[in-house]
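Structural overview for review
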Amino acid sequence: MRQSDRVMRLVSLLVFIAMAAYLAVYVVNRFVDPVQTALVVTATMSDATPITGLVVRDEVLIEADDEYINVIVDDGEKISAGQTVAIVYGSAEALEQAVRLESLEEEIETVSEALSADDGVYSTNREQAIHTALLSLSSAVRSGNYARVDTHQNALRSLLFRTEAAAATESYLDELQAAYDSLKSGAQSGMRAVVVAQSGTYSPVVDGLEGVSPDYAAGLKPDELRELIAAERRAAEGVIGKLVTSFSWCYAAIVDADEVTLAEGDEVTLAFGRYTTGNIPATVASVGRRVNGERIIVFRMNRELSDTLAVRSVSASLINRRYEGLRVPVRSLYRYYAGYLTDDAASRLSVGDTVTLTLGGVDFDAFVSELGSSQRYGALPDGVTAGSDGDVRPTRRLVVFCWPWSADEPAPDFSAGGGTVTLSHGRDTAPVLNYYAYDSEVDRLCVFSVAAMQAERKKVGLVYAGEEYCLLSSEGVDALREGSEVIVQAAGLYSGKVIQ
């Protein structure tokens, strides 16, 4: 029994030592040879030109130079010609009564809907009413319409602080109706309606540039538009808002005349960042004359009018082209060069070795990615017959070299043929000659993906390159696929390297 215990202890100790050794080797490898990978995803990237400009619209000011005014339309609301947008009252008391009447009217409507609906339906209606009240209150605060703030605040308070049972009763509805009738009967007279003569979209935001129409902006010089963008602006006195009378809006931008070459009627895409949801299709409405290498281009858009009513001077991006492909970090992209070395020269190389590859007189810091097997080539000398053991033809080996791709480094002339490889092992450096390269004018690119815990070279094509990421194309049975892992960083990388 004691002998069996000793054996079990010994086996456990050996297992523990083996696990500890494996863990130590794993930790050391992670620090000595850190490996960083990234997931391959299908993505879309844009090549864009940054521009600066001014949002311009056909706008009309709504004037009402009175002290007690209640605006009864919301920001972004569509207004028809002849519609009342505000009520002017003769005193602060009259304005307060009007606000209270609106609050009671909304609460009466909410309770009436609750009484006419089933319990489950009312619960849903109540949630929707709270959501709507929150949005209305937020809109009133953002637009500075403080008369409407009280109305929406009272409605929200009623919805939040009363239980369904308390809110949805006939007696409570009667109380609300009685209070409404009493307040309405005592309402003061002398009210006056503010009516608009044109249809359009209402906005309470005014900044003093309402007179800058698209046609006016098109006739400006770049410096004149730049002054409008930088100038301090203030709203006119006695104005309660503006009416955008067109259903489209424009963006007058200052562009480099050589970099941006557009003509009137061209279809383009603009991006305004956080001000709009996604990119917006636009039409070139006008192209100004060239002044000191710049010109003004006015773009017309038919989307996102309500969301941009408060936007004036803003930077945008002119989307030149959209690209789709497999997105990987730029650091995972390599150039490769495959050719033949004499068997004697290739025997002095190992996969992962760092070398200096010279092509067309240009040196590249490369590493050996793959080494093929020896093979004989060329024709036998005249009169020589080689048997199975007497082949006198020279031997050679296919070697693949890789080095990091760089946007600042032009592609080498792969079609030149020939070249030299200099071994760099930290000792004597010797040139390796008789390099036979196949002809090709294509920029040869690759990445290394992880397959069965090994690095595997994948041939790719470059679709688009950004600062940190690039888009690739890959074809064939052994192509790079979405969902694969590419190696971004690894010491001594080569095809077949074990990746843990």
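Residues numbered from 1 in each chain as written. Predicted model: local features only at pLDDT ≥ 70, side-chain atom pairs only at ≥ 80, totals over all residues. Heavy atoms only, no water.

A few words now on the pairing of strand S17 (residues 362–371). Looking along a regular strand, one sees the side chains alternate between the two faces of the sheet. Direction of pairing for strand S16 (residues 354–359) relative to S17: antiparallel, over a ladder of six bridges. By the bridge assignment, threonine 358 is partnered in S17 with aspartate 363. Following S16, the chain reverses through two residues before pairing antiparallel with S17; glycine 360 in that reversal takes a positive phi of roughly 60 degrees. In this sheet, strand S19 (residues 395–404) lies alongside S17 in antiparallel orientation, the contact comprising four bridges. By the bridge assignment for S19, phenylalanine 367 is matched with cysteine 402. (Pairing = 2+ DSSP bridges. Helix = DSSP H or I, 4+ residues; strand = E, 2+ residues; numbered from the N terminus.)

This part covers the side chain of serine 332. Mapped onto the elements of the fold, serine 332 is located in the loop between strand S14 (313–329) and strand S15 (334–342). By relative accessible area, which is 0% here, serine 332 ends up buried. At 2.7 Å, the side chain of serine 332 and the backbone oxygen of proline 329 are in polar contact. Contacts of serine 332, omitting those with residues within four sequence positions, involve Cys446, Val447, Val486, Ile487 and Val488. (Buried < 20%, exposed > 50% of the residue type's maximum accessible area, 1.4 Å probe, protein only. Polar contact = N/O pair within 3.5 Å; in protein donor to acceptor, adjacent residues only side chain to side chain. Contact = heavy atoms within 4.5 Å.)

For the structure shown, the criterion picks out 13 salt bridges. Of the charged contacts in the structure, one is a salt bridge between glutamate 456 and lysine 458, with a shortest N-O distance of 3.5 Å. When its relative accessible area of 25% is taken as the criterion, glutamate 456 is described as partly exposed. Of the residues examined, lysine 458 reaches a relative accessible area of 9% and is grouped as buried. (Salt bridge = Lys/Arg side-chain N within 4 Å of Asp/Glu carboxyl O.)

Taken residue by residue, the protein gives an average pLDDT of 80. The fraction at 70 or more is 75%. Helix H5 (residues 164–167) is the least confidently modelled element of the protein, averaging 48 in pLDDT, while strand S13 (residues 294–301) averages 96, the highest of any element. For the stretch residues 118–123, pLDDT sits under 50, and the model shows five contacts to residues farther than four places along the chain or on other chains. (pLDDT = per-residue confidence, 0-100.)

In this section: the packing of aromatic side chains. Inspection of every chain in the model, using the stated rule, returns seven aromatic pairs. Aromatic ring contacts, followed pair by pair, group Trp249, Tyr251 and Phe272 into a single cluster. Here the guanidinium or amino end of arginine 327 rests over the ring plane of tyrosine 469, the centre of that ring lying 4.3 Å away. Against the face of tyrosine 340 rests arginine 396, its NZ or CZ located 3.9 Å from the ring centre. (Phe/Tyr/Trp six-rings, centres within 6.5 Å; stacked < 30°, edge-to-face > 60°. Lys NZ or Arg CZ within 6 Å of the ring centre and 35° of its normal.)

Attention now moves to the sheet that holds strand S6 (residues 84–89). Here we have three strands laid out as an open sheet, ordered S4-S6-S7, and antiparallel in their pairing. In this open sheet, the two strands that pair with only one neighbour each are strand S4 (68–71) and strand S7 (192–195). Put simply, the sheet's adjacent strands are angled 25 degrees from each other on average, direction ignored. Bridge count between S4 and S6: four bridges; the pairing is antiparallel. Opposite isoleucine 69, over in S6, you have valine 88 as the bridge partner. (Axes fitted to C-alpha atoms, helices over the stretch in contact; angles between N-to-C directions.)

Ile51, Tyr251, Leu270, Phe272, Phe299 and Met301 are the most contacted members of the largest nonpolar core, which totals 23 residues. At the level of elements, strand S2 (41–56), strand S10 (249–256), strand S11 (267–271), strand S12 (280–287), S13 and S14 are the ones that each hand at least two residues to this core. Top contributing element to this core by residue count: S10, with four residues. (Core = buried A, V, L, I, M, F, W, Y, C linked by side-chain atoms within 4.5 Å.)

Below, the discussion takes up the environment of proline 34. In this fold, proline 34 is placed in the loop between helix H1 (2–32) and strand S1 (36–39). Considering only alpha carbons, one finds proline 34 and alanine 490, 456 residues apart in sequence, at a separation of 5.8 Å.

With a phi angle near 55 degrees, asparagine 292 is a residue other than glycine that sits in the positive phi range. Within the fold, asparagine 292 resides in the loop between S12 and S13. Residue asparagine 292 is classed as exposed on the basis of its relative accessible area of 74%. At alanine 452, a position not held by glycine, the phi torsion is positive, near 55 degrees. Of note, alanine 452 is situated in the loop between strand S23 (445–451) and strand S24 (454–465). When its relative accessible area of 77% is taken as the criterion, alanine 452 is described as exposed.

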